[in-house]
Amino acid sequence: MPFALKIGASLADEPRRIAVEQIDRALAEIEDTSLPPETAVHQVRKRGKKLRGLLRLVREPLGDAFRVEDHWYRDTGRLLGALRDAYQSDRTLARLLGATGLAPGTSDESAAAWRDDAREVLSACYQRLAQGRQRAAHWTIDETGFEMVRDGLAETYRQGRERMCIARQDPTADHFHAWRKSVKYHGYHLKLLRPVWPAPLRAGYHEVQRLGEYLGDDHDLAVLALKLGSAEFVPAVKDSGRLQVRLEGEQQRLRHQALGLGERIYAEKTADFTRRMKRYWRATALD
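Each value, and the rule that gives it
Within each chain, residues carry numbers counting from 1 in the order of the written sequence. Where local features are concerned, this predicted model is filtered to residues with pLDDT of at least 70; where side-chain atom pairs are given and counted, the filter is 80 or more; whole-chain, interface and lining totals use all residues. Processing note: side-chain calculations cover all non-hydrogen atoms of the structure and skip hydrogens and water entirely. Here a strand is any run of E in DSSP of at least two residues, a helix any run of H or I of at least four, and the numbering for each starts at the N terminus. Any helix carries an expected span of 1.5 Å times its number of residues minus one. Each residue is placed in one exposure class: buried if its accessible area under a 1.4 Å probe, protein chains only, is under 20% of its type's maximum, exposed if it is over 50%, and partly exposed if it falls in between. Between N or O atoms, a polar contact is any pair within 3.5 Å; within protein, one atom must be a potential hydrogen donor and the other a potential acceptor, and residues adjacent in sequence are included only when both atoms are from side chains. The criterion used for residue contact is that any of the two residues' heavy atoms lie within 4.5 Å. Two rings from Phe, Tyr or Trp (for Trp, the six-membered ring) form a pair when their centres are within 6.5 Å of each other. A pair whose planes differ by under 30 degrees is stacked, one over 60 is edge-to-face, and the rest are tilted.

Remarks on helix α2 (residues 37-57)
- With 21 residues, α2 should reach 30 Å at 1.5 Å per residue; the first-to-last C-alpha distance of 30 Å fits that figure.
- Counted residue by residue, α2 has 16 buried out of 21 residues, so it is predominantly covered.

And the structure:
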């Protein structure tokens, strides 16, 4: 089933259904031995982010359970975060070296060690996801209609707007990364709500996804920059200065693109955005 609310269904059951589906898919991806470890890590992390996006959408009607579940999937995702960053920084380094005409060093041993670590961490995630599934099957939500999603939708949008302003005023890696998190959740909210007007919200989701890609690439460059600056990491290149110039140039370009697109995505004030989504929802009920 798609990652979307069935507006005509019993809405109180929908968050449970979606959560269980996402967890089951993550468990299946961990069990699938044909999937390369890097693919499994990526997919399971994405499922966890979708779950946290869903939780944020229905945070108010979930009550105290929201914090418990959000922290659970946050901590599960953190198990995979270092693996993902290590894998992506190696790929980003190879791409930058190729773009600058420098030859990267390779290590089959380090790749094998990464895969071993990935399998161990995925096994730990499997156990946590299985426990989370048991709880998700019993989530209780009393609200129905737009009120079920109103506050969570508004809060995530507002946070994204604020974090964009902070990143523009103080363009640090941490501020752009914080904005990226809000962008991801906003995108998942549009995806969950797209049945209220499929074509426009699908288009909006794709633009938010594009913004997330700009910010994700910026994050990968920031992680690589830290790695290059550490005493433990010395890339096998003769001209690291050229590499640094290329890295900083790409970051500037990505941040410029992100802020330009962000201004369009977050053009409305939070109250106006929420009212618009409510009108879409009500119109759907009249179809």
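Structure's up, so let's keep going.
Some thoughts on the side chain of Asp 218
- Here Asp 218 is to be found in helix α8 (residues 198-229).
- At 2.8 Å, the side chain of Asp 218 and the side chain of Arg 255 are in polar contact.
- When neighbours within four sequence positions are excluded, Asp 218 is seen to be in contact with Phe 176, Gln 251, Leu 254 and Arg 255.

Considerations on the side chain of Glu 29
- In this structure, Glu 29 sits in helix α1 (residues 14-31).
- Here Glu 29 falls in the buried class, since its relative accessible area comes to 11%.
- Here the side chain of Glu 29 touches Gln 43 through a polar contact of 3.2 Å, side chain to side chain.
- Once residues lying within four places of it in the same chain are set aside, the contact partners of Glu 29 are Leu 35, Ala 40, Gln 43, Val 44 and Arg 47.

Examining the packing of aromatic side chains
- The tally for this structure, following the rule as stated, stands at seven aromatic pairs.
- Both rings, one in Phe 3 and one in Tyr 188, keep their centres 5.9 Å apart while their planes meet at 80°; by these two values the pair is edge-to-face. Taken as a pair, Phe 3 in the segment before α1 and Tyr 188 in helix α7 (residues 173-193) lie far apart in primary sequence, 185 residues in all.
- Residue classification places Tyr 188 among the buried residues on the basis of a relative accessible area of 5%.
- Ring geometry for Phe 176 against Trp 179: centres 6.3 Å apart, planes inclined by 55°, an arrangement best described as tilted. Pair noted here: Phe 176 and Trp 179 are both in helix α7, with a separation of three residues, about one helical turn.

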